[in-house]
Amino acid sequence: MPDKPGLFTRVIAGFRGEVSATTLEAMQKAGIGVYQVLDEAEVLRRSMAVEGIDPWSAPEAVSAQQLYAWNAFVLQTLGDKMIEADYRADTRTVGYLPQVTAEQVWAFFGQVEGWLSLARQAAANPGFRIADPRALPADLPGWVEVRPCPSAHLEAMIAASAAIREHAELALGLLEQAGVPQTRLADRDRLRQLAAQAATAADYAVNMYSPGADARLHELIEERLRGVLGTYHHLGQLVAMPTLLRTYGSPQAQPTPQPRRKLPRPGQPGFDPWCLTDRKTLSRWTNDPRARESISELWRHDPNPAQTLLFQEDINDGIERGDVSVLNYHYYCCPWAPIYRVNRPILVGDRRLQPGQEFTYEASAEEILKTGRFVRKIVNGPFSTTSQIDYCNPGDFHDD
């Protein structure tokens, strides 16, 4: 962990628009337990191989421990490598990160605690059961889009893929050492195929890479490395729980939808214009004339209020099921929505959110008068506290 940045570092970082990595470094330090949990899972996997216990017949808690440990390891490794690569690229701004890098590391570290907790729960409880196997294998968090891709990002992705590949191939080797039942040979061959696919793409990307490559080549390498990391992320989960191969790669049957608890729409009896707002701070906003004006303007300019409310209905349903928890702070801009934490995989709109992830729901008409754009989106955390308040009225938007 670097020393506290000095004045020179802060000046250069400010000139470049970089942001402090203090919180991310704290999360990086907190996530060190991931590697111990991975070691424990690999020791368990080795003992299973020696005893001839194949993962198809292993207790669900054992498979879950290995799967959750794998997900925590992959995400921690990606975040670690992103920070390390940026600090190596320019030692003058150690302790600060480009905004795009900080956002990407947030996306990785934001899910680590949830997977780490689940891995330890599975290890502690022989009767542990996975809440919703249909949500597995989990995907990586979304990639923050930026053109051109910084060289440090590619170097981090290369380093992460090498570390992750080593453990994935070890896990696959131990699976074969344990003995594969005759009825599961097709599963084994499919796992081998995935490993070969990822290894080939990784080798190809590494051989293409050079620090002085142009933007087009960087884009090609980045595209392959994203695929590599996504495949290895899935592979580690499938090796831990190969029964997931039954539905992997094919359209899954959708569960029977439960009746949605609909929110009244604007103009309908019972409509609450504050239904997106954090309930714990509601009185603050209802007593603020500017906030009342902002809420009124939000709904007045919303071209599709029903779509806006569908997102909130997904969140509300998740809260009722226990898939989502409401945290004790809220987003800084109108409608001042709560910050949520995901307990179990959930779909909000078309976004699949994973355990441990923090998110909020942003609905905003701020840009509509200048750009015609009404914003409805899930904003990923983790989040840090701020005293900033933004009323987000239409017309307040400034095109920087």
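As a reminder, the structure under discussion sits directly above these lines.
Residues numbered from 1 in each chain as written. Predicted model: local features only at pLDDT ≥ 70, side-chain atom pairs only at ≥ 80, totals over all residues. Heavy atoms only, no water.

(A) Examining the packing of helix α6 (residues 151–178) against helix α7 (residues 185–208) more closely. Running from amino to carboxyl end, α6 crosses α7 at an angle of 155°, the nearest separation of the two axes being 11 Å. By the angle between their axes, α6 is roughly antiparallel relative to α7. Crossing hand, α6 versus α7: left-handed. Of the residues in α7, those touching α6 at Ile158, Arg165, Glu169, Leu172, Leu175 and Glu176 are Arg188, Leu191, Arg192, Ala195, Ala199, Ala202, Asp203 and Val206. Broken down by class, the residue content of the contact of α6 with α7 amounts to eight nonpolar, no polar and six charged. (Axes fitted to C-alpha atoms, helices over the stretch in contact; angles between N-to-C directions. Helix = DSSP H or I, 4+ residues; strand = E, 2+ residues; numbered from the N terminus. Parallel < 35°, antiparallel > 145°, perpendicular 65-115°, else oblique. Left-handed = near helix turned anticlockwise from the far one by under 90°. Contact = heavy atoms within 4.5 Å. Nonpolar A, V, L, I, M, F, W, Y, C, P; charged D, E, K, R; others polar.)

(B) Spatial organisation of empty space enclosed by the protein. Under the defined criterion, the tally for this structure stands at two cavities of 30 Å³ or more. Here the largest cavity defines a volume of roughly 70 Å³. Every residue along the wall of the largest cavity is listed here: Arg45, Met48, Ala49, Ile53, Pro55, Gln66, Ala171, Leu174, Leu175, Ala178 and Val239. Within the residue set of the lining of the largest cavity, elements represented by two or more residues are α3 (33–51) and α6. Among the elements that take part in the lining of the largest cavity, α6 stands out by supplying four residues, more than any other. (1 Å grid on protein atoms, 1.4 Å probe; cavity = no way out; pocket = protein on both sides within 12 Å on 5 of 7 lines; lining within 4 Å. Points joined across faces, edges and corners; volume = space filled by probe spheres on them.)

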